[in-house]
Amino acid sequence: MAGSLQDQLLGAGLATKKQANKAKADQRKKTKKSKTVKKGEVYQDQDEQERQAAIARQKEEKLEKDKALNREREEQRLQKEIDAAARQIIQQNIISIPEDGDVEYNFVDGSKIKKLYVNNELQNQLANGNLAIAQLDSKYVVIPAGAAEKITERRPELIISRQEKETVDPDDPYADFQIPDDLMW
């Protein structure tokens, strides 16, 4: 019984030629792989570590990007809520301006002088700071000063004009000579 185990199994009919060839191919691959591992074992470990580090960096970058995106979405959501609350306060506190207003009330919006036609009572309240002018959908509306303060906390750019109470300096020689609010130039 000379010969390899493979030859003996083939001769006895316990294995086929196809199985024998497959076993030889597997054996060749295994020996070839073990030789390359011995030569490049250190390099493969470094490559694997670098690959793992790169994957970890990518995961961290993605996580940071996702967090930044979530923060941005949260800020946008909060800004929408604040805008909606300010608009609601304005809409609930609008004081109707009579259509037959005969008194012209001038105010500054940015760098432009605008006019509202109101009656004497509204003009006095606007001049005293009891009322304020706000902007709602590119229209100017009159609202109470308390509502204007609430809106200023949320969206100060919506309050266009509000007179503040001025404190009079006791040393001012012209303190007794007030300029009337309805003075027309």
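Residues numbered from 1 in each chain as written. Predicted model: local features only at pLDDT ≥ 70, side-chain atom pairs only at ≥ 80, totals over all residues. Heavy atoms only, no water.

## A closer look at the sheet that holds strand β4 (residues 139–144)
Working step 1: One open sheet holds the three strands; their spatial order is β4-β3-β5, and the pairing between them is antiparallel. Edge positions in the open sheet fall to β4 and β5 (159–162), since each of these has one partner strand only. With strand direction ignored, the average angle separating the axes of adjacent strands in the sheet is 25 degrees.
Working step 2: Sheet topology places strand β3 (residues 131–136) next to β5; three bridges connect them, and they run antiparallel. Each residue of the ladder has a partner; that of Ala-134, found in β5, is Ile-159.
Working step 3: Relative to β3, helix α3 (residues 120–128) is tilted by about 95 degrees, and along the sheet it contacts β3 and β4.
Working step 4: Helix-sheet contacts for helix α4 (residues 145–154) involve β3, β4 and β5, and the interaxial angle to β4 is about 115 degrees. (Pairing = 2+ DSSP bridges. Helix = DSSP H or I, 4+ residues; strand = E, 2+ residues; numbered from the N terminus. Axes fitted to C-alpha atoms, helices over the stretch in contact; angles between N-to-C directions. Contact = heavy atoms within 4.5 Å.)

## Let's talk about the pairing of β4
Working step 1: The sheet contact formed by β3 and β4 spans six bridges and is antiparallel. Paired with Gln-135 across the bridge in β4 is Tyr-140.
Working step 2: A loop of two residues connects β3 with β4, the two strands running antiparallel in sequence, and Asp-137 in this loop sits at a positive phi of about 55 degrees.

## Quick look at the packing of aromatic side chains
Working step 1: Under the counting rule described, the total for this entry stands at one aromatic pair.
Working step 2: Centre to centre, the rings of Phe-107 and Tyr-140 are 5.1 Å apart; their planes meet at 75 degrees, and the pair counts as edge-to-face. Taken together, the residues span a long stretch of sequence, with Phe-107 in strand β1 (residues 103–109) and Tyr-140 in strand β4 at a distance of 33 residues.
Working step 3: By relative accessible area, Phe-107 is classed as buried at 3%. (Phe/Tyr/Trp six-rings, centres within 6.5 Å; stacked < 30°, edge-to-face > 60°. Buried < 20%, exposed > 50% of the residue type's maximum accessible area, 1.4 Å probe, protein only.)

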